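Descriptive analysis of the structure
Now for the letters of each chain:
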Amino acid sequence: MRRIAPLAALAALIVAVPVVIAQNAPTVPGAPDKARVAAGTYAADAGHTMVVWEVDHFGFSKYTGIFGEVTGTLVIDPANPAAARVDVTIPVAKVTTASSGLTGHLLRAGKDGAKPDFFGPVPADAKFVSTSVVLDDDGDEAKVTGNLTLNGVTKAVTLDVDFHGAGTNPYNKKATVGFEAETTIRRSDFGIAYGIPAVSDAVELEIHAAFEKQ
């Protein structure tokens, strides 16, 4: 009989601990809930928005680099999401790779006054301006078509966009929305043909973007 009370107490503790842990568990500010998206004009969070690019190198491996510090705006109204507009600028001069030699080559001037192999030492910023938004039936995926200007050339590009999440940034108290997008371009279309086909003409782009309400 004396053992019943300790066993009952232990059982109660086992039941209570998960409840206490759940009540004190940290929460994530953002969630993939469209109801959290507030209408208005948003600015790109430059510290958390990036364009990841990937090419095939010699048929041996994929090679990846990043364009960061993206700036720009998103105008969105949950009542009419197809009317959303995005206008972003990508600083090509701040390209990052895992190889200092490659980064230097991407930004190197052409030899003896010739055209640079890639972007050159003072490349113009790239820019994407949307022209249309077509949503799927669920409203959490869209095809966003727009004009991409890169290396002085402008071409129409369509992004496959997924809604990632929305909520309030706990540090600055700003309403924030986030998206992921993918597309593939051909760099030769933008006048960057060095090394083709050993280094692929096709460039896969993966975009991670956060926007804060202004």
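Anything mentioned here points back to the structure above.
Residues numbered from 1 in each chain as written. Predicted model: local features only at pLDDT ≥ 70, side-chain atom pairs only at ≥ 80, totals over all residues. Heavy atoms only, no water.

Points about the pairing of strand β11 (residues 202-213)
As judged from the 3 bridges shared by strand β2 (residues 40-44) and β11, these two strands associate in the antiparallel manner. Bridge pairing in β11 places A44 opposite F211. With 5 bridges connecting them, strand β3 (residues 50-57) and β11 associate as antiparallel partners. Its bridge partner being in β11, V51 is matched across the sheet by I207. (Pairing = 2+ DSSP bridges. Helix = DSSP H or I, 4+ residues; strand = E, 2+ residues; numbered from the N terminus.)

Concerning the side chain of T176
Following the sequence through the fold, T176 ends up in strand β10 (residues 175-186). Of note is the side chain of T176, whose polar atom sits 3.1 Å from the backbone oxygen of K174. Ignoring sequence-local partners within four residues, the contact set of T176 consists of Y42, G165, A166, G167, N169, A210, F211 and E212. (Polar contact = N/O pair within 3.5 Å; in protein donor to acceptor, adjacent residues only side chain to side chain. Contact = heavy atoms within 4.5 Å.)

Considering the pairing of strand β4 (residues 61-67)
Bridge count for β3 against β4 is 7 bridges, and the pairing is antiparallel. Along β4, the bridge assignment pairs W53 with G65. Connecting β3 to the antiparallel partner β4 that follows it, the hairpin turn spans 3 residues, and F58 within it adopts a positive phi of roughly 65°.

Digging into the pattern of salt bridges
This structure, assessed with the given rule, holds 7 salt bridges. Residue K62 pairs with E204 through a salt bridge whose shortest N-O separation is 3.6 Å. With a gap of 142 residues between them, K62 in strand β4 and E204 in strand β11 connect regions that are remote in the sequence. Residue E204 is classed as partly exposed on the basis of its relative accessible area of 38%. Among the ionic pairs, D201 bridges to R186, the shortest N-O distance being 3.8 Å. (Salt bridge = Lys/Arg side-chain N within 4 Å of Asp/Glu carboxyl O. Buried < 20%, exposed > 50% of the residue type's maximum accessible area, 1.4 Å probe, protein only.)

Here's the deal with the packing of aromatic side chains
Enumeration over the complete set of coordinates arrives at 5 aromatic pairs. Ring centres of W53 and Y63 lie 6.5 Å apart, and the angle between their planes is 40°; on these two criteria the pair is classed as tilted. Linking W53 in strand β3 with Y63 in strand β4, this pair joins segments that are 10 residues apart in sequence. We classify Y63 as partly exposed; its relative accessible area is 23%. Summarising the aromatic geometry, the rings of F163 and F179 are spaced 5.9 Å apart at their centres and angled 55° between planes, so their arrangement reads as tilted. With F163 in strand β9 (residues 153-168) and F179 in strand β10, this residue pair connects regions lying 16 residues apart in the sequence. (Phe/Tyr/Trp six-rings, centres within 6.5 Å; stacked < 30°, edge-to-face > 60°.)

Considerations on unusual backbone geometry
Between I196 and P197 the backbone carries a cis peptide bond, its omega angle lying at 5°. Mapped onto the fold, P197 is located in the loop between β10 and β11. Despite not being glycine, D112 has its phi angle at roughly 50°, a positive value. On the accessibility criterion, D112 (76% relative accessible area) is exposed. Even without being a glycine, N151 presents a positive backbone phi close to 60°.

Observations concerning the environment of A181
Structurally, A181 can be placed in strand β10. When neighbours within four sequence positions are excluded, A181 is seen to be in contact with L159, D160, V161, L205, E206 and I207.

Let's talk about the environment of T71
Within the secondary structure layout, T71 lies in strand β5 (residues 71-76). Residue classification places T71 among the partly exposed positions, given a relative accessible area of 41%. Here T71 is in contact with A44, A46, D87, V88 and T89, once residues within four sequence places are set aside.

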